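One-letter residues, chain by chain:
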Amino acid sequence: MSVLRVDGLSVRYGGVTALSDVSLTLDEGQLLTILGANGAGKTSMLRGIGGLESAGGSVQLRGTELGGSGAAQRARAGIGHVLEGRHVFPDLTVNENLHLGSLLSKEPRGGIDSALELLPELREMADRKAGRLSGGQQQMLAIARALSGTPDVLLLDEPSNGLAPILVQRTIEVIRAVTSMGVAVLLVEQRLEIAQALNSDVLILQRGSVVGKANGTEEDLEERIHAAYLA
Ligand code: ATP
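This is a predicted model, so every value here is computed, not measured.

The strand order β2-β1-β4-β5 describes an open sheet built from 4 strands, whose pairing is antiparallel. Strand pairing shows two members of the sheet lacking a second neighbour, β2 (16–26) and β5 (64–65), which therefore form its edges. Pairing of strand β1 (residues 4–13) with strand β4 (residues 55–61) involves 6 bridges; the strand directions are antiparallel. Its bridge partner being in β4, Val-11 is matched across the sheet by Ala-55. Strand contacts of helix α1 (residues 42–50): β1, β2 and β4, with the helix running at about 115 degrees to β1, the strand carrying the most contacts.

Here it is, written out as structure tokens:
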């Protein structure tokens, strides 16, 4: 059985349809990257799955329907969500941020331990206020906080955005390690190179609809993505 199954997901903002009839499945440890231009509906897809926007269609986690439940309930059920722009608690320390994330888990201590094993660089910042960290460090903390909740699925919204190349590289390593732990990852990106570096399966979104599926290694992918971005 798939860890995550999404069927016919649609998100509307008033009269605007941001996402229309999107379906996908994710198995344990599988990575799927959603690529698309600005406004294609990538963030709306993650928000619809994470319960931050009300959405039509079905979202199932290990066979349990989550449609109708809110973001907090979905987070406790096993959907970790790292929003675009990090959103760590700036006045709390790194440790306190991780502790809050771990409250979503049935094994909070284990959640923090495995997050720190994956991101050991956070150990030396444990007592620093999150708002004092660099953008890249905050991104790592946001991922670690989500992992502290021991999710089955991690939704990652443009984690590489605005990061220096060395931190983009680190983000790629971390995503690889997360999938090796068996966590399924749904990654939103604007940059094809990230999907290629991760050898990821790809869904191409255009104006709220899936217009293509591919693997990051396919040779003509770049042309297909450009066509979708420019359409
Ligand atoms: P970006 O890469 O710029 O973040 P995106 O692919 O994530 O873009 P969304 O942010 O999901 O796209 O936006 C999809 C569509 O929905 C766009 O037309 C956008 O203007 C619209 N939209 C997004 N959020 C809202 C909102 N809160 N209210 C109204 N319309 C919205």
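Turning our eyes to something else, we now look at the environment of Leu-103. Here Leu-103 shows up in the loop between α3 (94–102) and α4 (108–118). Each C-alpha atom of the pair Leu-103 and Ala-164 lies 31 Å from the other, and the pair is 61 residues apart in sequence.

Right, let's talk about the pairing of strand β7 (residues 153–157) for a bit. Burial runs high along β7: 5 of the 5 residues are buried. Relative to strand β8 (residues 184–189), β7 is paired through 5 bridges, and the arrangement is parallel. Its bridge partner lying in β8, Leu-154 is registered against Val-185. The parallel pair β7 and β8 is bridged by helix α6 (residues 165–180), and the resulting crossover is right-handed.

In this section: the layout of surface pockets. In this structure, the largest pocket spans a volume of roughly 460 Å³. Looking at the largest pocket, it is lined by 22 residues, and the ones nearest its centre are Ala-75, Gly-80, His-81, Leu-104 and Arg-145. Where the lining of the largest pocket is concerned, the elements lending two or more residues are α2 (71–77), β6 (79–82), α3 and α5 (135–148). Here the residues of the lining of the largest pocket sort into 13 nonpolar, 6 polar and 3 charged.

Turning next to the site of the ligand. Close contacts around the ligand come from 13 residues, with Gly-39, Gly-41, Lys-42, Thr-43 and Ser-44 the closest. Gly-39 is positioned such that a nitrogen or oxygen atom in its backbone is 2.8 Å from an oxygen atom of the ligand. Looking at which element gives the most residues to the shell around the ligand, the answer is α1, with 3 residues.

Among the secondary structure elements, Gln-139 is positioned in helix α5. Relative accessible area serves as the criterion here: at 1%, Gln-139 is assigned to the buried category. When the C-alpha positions of Gln-139 and Arg-86 are compared, they lie 5.5 Å apart, and in sequence the two are 53 residues distant.

Helical geometry: 3.6 residues make up each α-helical turn, so side chains three or four residues apart lie on a common side. Spanning 16 residues, α6 covers 23 Å between terminal C-alpha atoms, matching the ideal 22 Å at 1.5 Å per step. Those residues of α6 that fall on the buried side of the exposure criterion are Val-168, Arg-170, Thr-171, Ile-172, Val-174, Ile-175, Val-178 and Thr-179. Where α6 is buried, its residues contact β3 (31–35), α4, α5, β7, β8 and α7 (192–197). Gly-182, located one to two residues past α6, shows a positive phi value of around 100 degrees.

A surface patch of negative charge is lined by Glu-219, Asp-220, Glu-222 and Glu-223. The topology assignment puts Asp-220 in the loop between β10 (209–215) and α8 (221–230).

On to α3. Turning to α3, its buried residues are Val-94, Asn-97, Leu-98, Gly-101 and Ser-102. Buried residues along α3 cover an arc of 135 degrees about the axis, so they all sit on one side. For α3, the elements touching its buried residues are α4 and α5.

The next subject is the sheet that holds β8. On the basis of which strands lie adjacent, the open sheet formed by 6 strands has the order β6-β7-β8-β3-β9-β10 and mixed pairing. A strand with exactly one partner marks an edge of an open sheet, and here the two such strands are β6 and β10. Each neighbouring strand pair of the sheet contributes to a mean axis angle of 20 degrees, computed without reference to strand direction. Here 4 bridges tie β6 to β7, and the two strands are oriented parallel to one another. Within β7, the position partnered with His-81 by the bridge is Leu-155. Across the face of the sheet, α1 comes into contact with β3, β6, β7, β8 and β9 (201–206) while running at roughly 150 degrees to β7. The sheet strands contacting α6 are β3, β7 and β8, and the helix crosses β8 at an angle near 155 degrees.

Quick notes on the rules
- Residues numbered from 1 in each chain as written.
- Predicted model: local features only at pLDDT ≥ 70, side-chain atom pairs only at ≥ 80, totals over all residues.
- Heavy atoms only, no water.
- Pairing = 2+ DSSP bridges.
- Helix = DSSP H or I, 4+ residues; strand = E, 2+ residues; numbered from the N terminus.
- Contact = heavy atoms within 4.5 Å.
- Axes fitted to C-alpha atoms, helices over the stretch in contact; angles between N-to-C directions.
- Buried < 20%, exposed > 50% of the residue type's maximum accessible area, 1.4 Å probe, protein only.
- Right-handed = clockwise from strand over helix to strand, strands pointing away.
- 1 Å grid on protein atoms, 1.4 Å probe; cavity = no way out; pocket = protein on both sides within 12 Å on 5 of 7 lines; lining within 4 Å.
- Points joined across faces, edges and corners; volume = space filled by probe spheres on them.
- Nonpolar A, V, L, I, M, F, W, Y, C, P; charged D, E, K, R; others polar.
- Near = heavy atom within 4 Å.
- Polar contact = N/O pair within 3.5 Å; in protein donor to acceptor, adjacent residues only side chain to side chain.
- Expected span 1.5 Å × (residues − 1).
- Patch = residues over 30% accessible without salt bridge, like charges linked within 9 Å, V, L, I, M, F, W, Y side chains within 5 Å.
- Areas by Shrake-Rupley, 256 points an atom, 1.4 Å probe, with all protein chains shown as cover.
- Salt bridge = Lys/Arg side-chain N within 4 Å of Asp/Glu carboxyl O.
- Lys, Arg positive; Asp, Glu negative; His and termini not counted.
- Charge placed at Lys NZ, Arg CZ, Asp CG, Glu CD.
- Arc of directions from axis to C-beta.

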